[in-house]
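Residues per chain are reported as follows:
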Amino acid sequence: MADLQLGTATPAARARLLVVEDDANIRTFCQRLLRMSYDVEAAEHGAAALVLLRERPFDLVITDLQMPVMGGMELLEQLRQHYPECDALVLTAHATVDTAREAMKLGALDYLDKPVESESLLRTVRSCLELRRMRQEKERLSDLVFMYQFSQAIASSLAVETQVGQIVEFLWQRYAPESLALSMLLPDDDELMLLASRTQAGRAEEGRATPLRPECGPEDLLQAHLVVAGGPGADDETRFVGVVLRSHDTPVGYLHLVRRPEQPPFDAGERRLLGIFAGQVAASLENARLHQALKDQNRQTIEALAEAIDARDAHTYGHSRQVTRYAVRLAQVVGLPPERVELIDYAGLLHDVGKIGIRDYILLKPGALDDEEFTIMKRHPQIGVKIIERVRGLRRTLAIIEGHHERWDGRGYPNGLAGEQIPLEARILAIADAFEAMTADRAYRPAMKLEEALGILMRGSGSSWDPGLVEIFVELIRREGGALQIRGLKPQLTVPLIRPREPLAIQVGDGRD
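Residues numbered from 1 in each chain as written. Predicted model: local features only at pLDDT ≥ 70, side-chain atom pairs only at ≥ 80, totals over all residues. Heavy atoms only, no water.

Quick look at the overall build of the chain
Next up, step 1: From N to C terminus, the chain includes 17 helices and eleven strands.
Next up, step 2: Here the chain, with 513 residues, has 48% of them falling under the buried criterion.
Next up, step 3: Considering only contacts within the chain whose residues lie at least 6 apart along the sequence, 63% involve residues at least 24 apart. (Helix = DSSP H or I, 4+ residues; strand = E, 2+ residues; numbered from the N terminus. Buried < 20%, exposed > 50% of the residue type's maximum accessible area, 1.4 Å probe, protein only. Contact = heavy atoms within 4.5 Å.)

Regarding the packing of aromatic side chains
Next up, step 1: Enumeration according to the criterion identifies six aromatic pairs in this entry.
Next up, step 2: Measuring from ring centre to ring centre gives 6.1 Å for tyrosine 175 and phenylalanine 266, while their planes differ by 55 degrees; the resulting arrangement is tilted. Here phenylalanine 266 lies in the loop between β11 (250-258) and α8 (268-310) and tyrosine 175 lies in helix α6 (residues 160-175), a separation of 91 residues in the sequence.
Next up, step 3: We classify tyrosine 175 as buried; its relative accessible area is 2%. (Phe/Tyr/Trp six-rings, centres within 6.5 Å; stacked < 30°, edge-to-face > 60°.)

Re the packing of helix α15 (residues 424-438) against helix α16 (residues 450-459)
Next up, step 1: Between α15 and α16, the least distance of the axes is 9 Å, while the angle of their chain directions is 145 degrees. By crossing handedness, the relation of α15 to α16 is classed as right-handed. Across from Ile431, Phe435 and Met438 in α15, the residues of α16 making contact are Leu450, Ala453, Leu454, Ile456 and Leu457.
Next up, step 2: Split by residue class, the contact of α15 with α16 holds eight nonpolar, no polar and no charged. (Axes fitted to C-alpha atoms, helices over the stretch in contact; angles between N-to-C directions. Left-handed = near helix turned anticlockwise from the far one by under 90°. Nonpolar A, V, L, I, M, F, W, Y, C, P; charged D, E, K, R; others polar.)

Some details on the environment of alanine 13
Next up, step 1: With respect to the secondary-structure elements, alanine 13 resides in the segment before β1 (16-20).
Next up, step 2: Its relative accessible area of 43% is what places alanine 13 among the partly exposed residues.
Next up, step 3: Remark: the alpha-carbon pair of alanine 13 and aspartate 39, spanning 26 residues in sequence, is separated by 9.8 Å.

What about the nonpolar core?
Next up, step 1: Membership of the largest hydrophobic core comes to 48 residues, with the highest contact counts inside it found for Ile428, Phe435, Leu457, Trp465 and Phe473.
Next up, step 2: Where this core is concerned, the elements lending two or more residues are α8, α9 (319-334), α10 (338-350), α13 (380-388), α14 (398-403), α15, α16 and α17 (467-484).
Next up, step 3: It is α15 that contributes the most residues to this core, ten residues altogether.
Next up, step 4: Grouped together as the second largest cluster of nonpolar side chains are 28 residues, Ile167, Phe266, Val281 and Ala282 included. (Core = buried A, V, L, I, M, F, W, Y, C linked by side-chain atoms within 4.5 Å.)

Thoughts on the pattern of salt bridges
Next up, step 1: Going through the model one piece at a time under the given rule, you end up with 27 salt bridges.
Next up, step 2: Linking aspartate 87 and arginine 132 is a salt bridge whose minimum nitrogen-to-oxygen distance equals 2.8 Å. With aspartate 87 in strand β4 (residues 87-92) and arginine 132 in helix α5 (residues 118-154), this pair connects stretches of sequence that are 45 residues apart.
Next up, step 3: In this structure aspartate 87 comes out as buried when scored by relative accessible area, which is 5%.
Next up, step 4: Across the pair lysine 295 and glutamate 342 runs a salt bridge, and its minimum N-O distance is 2.4 Å. On the criterion of sequence distance, the pair formed by lysine 295 in helix α8 and glutamate 342 in helix α10 is long-range, its members being 47 residues apart.
Next up, step 5: The class of glutamate 342 is partly exposed, set by a relative accessible area of 31%. (Salt bridge = Lys/Arg side-chain N within 4 Å of Asp/Glu carboxyl O.)

A closer look at unusual backbone geometry
Next up, step 1: In this structure, the amide linkage connecting lysine 114 to the following residue, proline 115, adopts the cis form with an omega of -5 degrees.
Next up, step 2: Although it is not a glycine, histidine 248 adopts a positive phi angle of roughly 55 degrees.
Next up, step 3: Tracing the chain through its elements places histidine 248 in the loop between β10 (240-247) and β11.
Next up, step 4: Classification of histidine 248 by relative accessible area gives exposed; the value is 77%.
Next up, step 5: Of note in this structure, aspartate 249 is not a glycine but carries a positive phi near 65 degrees.
Next up, step 6: Looking at where aspartate 249 falls in the secondary structure, it is placed in the loop between β10 and β11.
Next up, step 7: For aspartate 249, a relative accessible area of 70% puts it in the exposed group.

Quick look at α16
Quick reminder: α-helices carry 3.6 residues per turn. Residues three or four places apart thus point the same way.
Next up, step 1: If you check which residues of α16 are buried, you get Ala453, Leu454, Gly455, Ile456 and Leu457.
Next up, step 2: Looking at the packing, one finds that the buried side of α16 touches α15 and α17.

Notes on the sheet that holds strand β2 (residues 39-43)
Next up, step 1: If you walk across this open sheet you meet the five strands as β2-β1-β3-β4-β5, and the pairing is parallel. Edge positions in the sheet fall to β2 and β5 (108-113), since each of these pairs with one other strand and no more. When strand polarity is set aside, the average angle formed by the axes of neighbouring strands in this sheet is 20 degrees.
Next up, step 2: Where helix α1 (residues 24-34) meets the sheet, it contacts β1, β2, β3 (60-64) and β4, and its direction lies at approximately 170 degrees from that of β2. (Pairing = 2+ DSSP bridges.)

Description of the confidence of the model for the chain
Next up, step 1: Per-residue confidence for the chain averages 84 on the pLDDT scale, and 86% of its residues sit at or above 70.
Next up, step 2: Contacts from residues 491-507, a stretch scored under 50 in pLDDT, to residues over four places away or in other chains number 22 contacts. (pLDDT = per-residue confidence, 0-100.)

What about the pairing of strand β7 (residues 191-199)?
Next up, step 1: Two strands pair when backbone bridges link them, and strand β6 (residues 179-186) and β7 are joined in this way by eight bridges, in the antiparallel orientation. Looking across to β7, one finds that serine 183 is bridged to leucine 194.
Next up, step 2: Counted along the chain from β6 to the antiparallel partner β7, the turn is four residues long, and its residue aspartate 190 has a positive phi close to 55 degrees.
Next up, step 3: The pairing of β7 with strand β9 (residues 209-211) spans three bridges and is antiparallel. Bridging from a neighbouring strand, glutamate 191 pairs with proline 211 of β9.
Next up, step 4: Of the strand pairs in this sheet, β7 and strand β8 (residues 202-203) are connected by two bridges, and their pairing is antiparallel. Residue pairing across strands places threonine 199 opposite glycine 202, the latter belonging to β8.

Here it is in structure tokens:
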């Protein structure tokens, strides 16, 4: 593996010095003295020094202040703006406290009075280079610590949204840009989507996408990225840094940062560090995308299984998906964390999987169940547990599936749990399950009106269901009920709905809902 250099110079390299002095005698004296230990070049004024700086890097510039064409103060300003990796030492025959302070503000490490003594010059240059070395070591250590923290943070979650938030926050702290944007390729859709866009004014709208094939070139990727990011890059290339995110040599996205004109440009060390970050970001986002795709595939499989079970009776087709919609929304309103809401999502789809072990003559019976049939029906939560417990990734849903027919007063089944003995997720699911059953047609009765069903829930509050949850759910349905209904779930019935001539004493929650 290549050794990644986060600084600008290796300890073994001879330091490169640039002497900027309009007095030829002083310039020659400094050049000859310092060449014994360093690589030294010279310039007669600041403008000539900038020509050399554009051609090659220097570690330390030793500059006079009073010079023709371009003086030392202006040169220090140029160093700060365009060559922040280069340090400076000031020579002056007009040393005052104010002059020295101004030079130090512009980045000079130290200053020497003229006439310059050889021992003093050598000692001060050594001191400046040592300060430079110590600063670079500190920066390298800081970068390594930051990289470790960065990798730990983005490895803590496989959720794309969580990772994007962590990536943006870390890069914002490290680089302090004016703006930042991150996009990701969606190969299944042949699109580039904006994952995050942040400016000093706040976060911009995310989720915009533009068509782009995965095999596009870097320039095509950059242009598409700027389209979804909502604007061009910086006019000054030194204040714009962009990098293609690659995973296994395949582009997966793009990241760019822009600094304001008054900020220092991105130096070589920052660009190298961003390149390292880009590799971590690319791998992390690609893993998260694949993980999300696998989760989506698993959920679609579970959803298909639930619908296959529901479809045994045309009246219950889509029941599990609708129950899940109600239960998930109630869990969100209650304030459960995302990981527990996700459990309810899976448990809601699977809560009736145990019905696969119940005979059709019981499930589809158009009248009330007798005691023996009801006893058989009450086994379906435990049958579901037996089926699901074989799937390791779904075992955390078992208590919810098993408990969705327990009652607040302890008269439910299969274990007769009461009150808060029943898992909160199971209590939420029980309310959603009962409400959906009451407001949908069944083989043994027609659908109830909304207020009738809510009235039954409120009358059963404190006996059948958790009273606090019932109150929240009733308010939720009255506020959002229409938006929570999933349209187009019911298939065309092949037989007419059986409606009993006499009202049947059907108990809500007899297990067939």
